[in-house]
Amino acid sequence: MPSLIIMRHAKAVDRMEAEDDFERGLTARGHEDAARAADAMKNAGLIADFALVSPARRTRETFKPLSAIFPGAKLEDPMALYHASQEMLERTVTEALETGVNAIVLVGHNPGIGEFAHTLAARADAMEGVPYGWPTSATIAFDLADASLMRPTRTFLFNPKA
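Residues numbered from 1 in each chain as written. Predicted model: local features only at pLDDT ≥ 70, side-chain atom pairs only at ≥ 80, totals over all residues. Heavy atoms only, no water.

**Section: the packing of helix α3 (residues 86–98) against helix α4 (residues 112–123)**
Phase 1 of the analysis: The interhelical angle for the contact between α3 and α4, taken along N-to-C directions, is 65 degrees, at an axis separation of 8 Å. As judged from the angle between their axes, α3 and α4 are roughly perpendicular. Along this stretch, α3 crosses α4, giving a crossing that reads as right-handed. Seen from α3, the contacting residues are Gln86, Leu89, Glu90 and Val93; seen from α4, they are Gly112, Ile113, Glu115, Phe116, Thr119 and Arg123. (Axes fitted to C-alpha atoms, helices over the stretch in contact; angles between N-to-C directions. Helix = DSSP H or I, 4+ residues; strand = E, 2+ residues; numbered from the N terminus. Parallel < 35°, antiparallel > 145°, perpendicular 65-115°, else oblique. Left-handed = near helix turned anticlockwise from the far one by under 90°. Contact = heavy atoms within 4.5 Å.)

Below, the structure is given as structure tokens:
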């Protein structure tokens, strides 16, 4: 059964502290939260063989501890994922599933990543505990009936604020 992990990047430095938005790295708390999320995923037994990661610095830094728990995951970081809309994220995941990818981890930005997570949680009738606004490092995982993403089952939720 295909699966999907959706994660928002961890806490990044303020826009005024970076040369530009694309180069914003993580704060110390961001590095800690990304590591906590990775530990929670590992403890839950989540797997990923394919990683879709926005090429922005903060998403790449967020993925670093995940790469240790998903060491065989093939990484793709298309520019289209940088501040992608929910529709773009859904299309990208669907296309990957249609090529035979089985277990995807997706790391991106709000508002698109949060909208995508909320949409799938609603489709799964599993909104309980899903944080409003989708905070940094928030992560949710689903088992998927098929590439349509229409019948997900929520299997995991990590809220760094909880």
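**Here's the deal with the environment of glycine 25**
Phase 1 of the analysis: For glycine 25, the location among the structural elements is in the loop between β1 (3–8) and α1 (28–43).
Phase 2 of the analysis: In this structure the C-alpha to C-alpha distance between glycine 25 and phenylalanine 70, which are 45 residues apart in sequence, comes to 22 Å.
Phase 3 of the analysis: Discounting residues that sit within four places of it in the chain, glycine 25 has contacts with Ala12, Val13, Arg57 and Glu61.

**Observations concerning the pairing of strand β2 (residues 50–53)**
A regular strand places its side chains on the two faces of the sheet in alternate fashion.
Phase 1 of the analysis: Residues Phe50 and Leu52 of β2 are buried on one face, and the alternating residues Ala51 and Val53, pointing to the opposite face, are buried as well.
Phase 2 of the analysis: The sheet contact formed by β2 and strand β3 (residues 74–76) spans three bridges and is parallel. By the bridge assignment for β3, phenylalanine 50 is matched with lysine 74.
Phase 3 of the analysis: Since β2 and β3 lie parallel, the crossover through helix α2 (residues 57–69) that links them has a hand, and here it is right-handed. (Buried < 20%, exposed > 50% of the residue type's maximum accessible area, 1.4 Å probe, protein only. Pairing = 2+ DSSP bridges. Right-handed = clockwise from strand over helix to strand, strands pointing away.)

**Things to note about the pattern of salt bridges**
Phase 1 of the analysis: With the rule as written, the count across this model stands at nine salt bridges.
Phase 2 of the analysis: With a shortest N-O distance of 3.0 Å, arginine 24 and aspartate 21 are connected by a salt bridge. In this structure, arginine 24 and aspartate 21 share a single accessibility class: buried.
Phase 3 of the analysis: For lysine 74, the salt bridge is made with glutamate 76, and the minimal N-O distance between the two is 3.2 Å.
Phase 4 of the analysis: Sharing partners across several salt bridges, the network here consists of Arg15, Asp21, Arg24 and Arg58. (Salt bridge = Lys/Arg side-chain N within 4 Å of Asp/Glu carboxyl O.)

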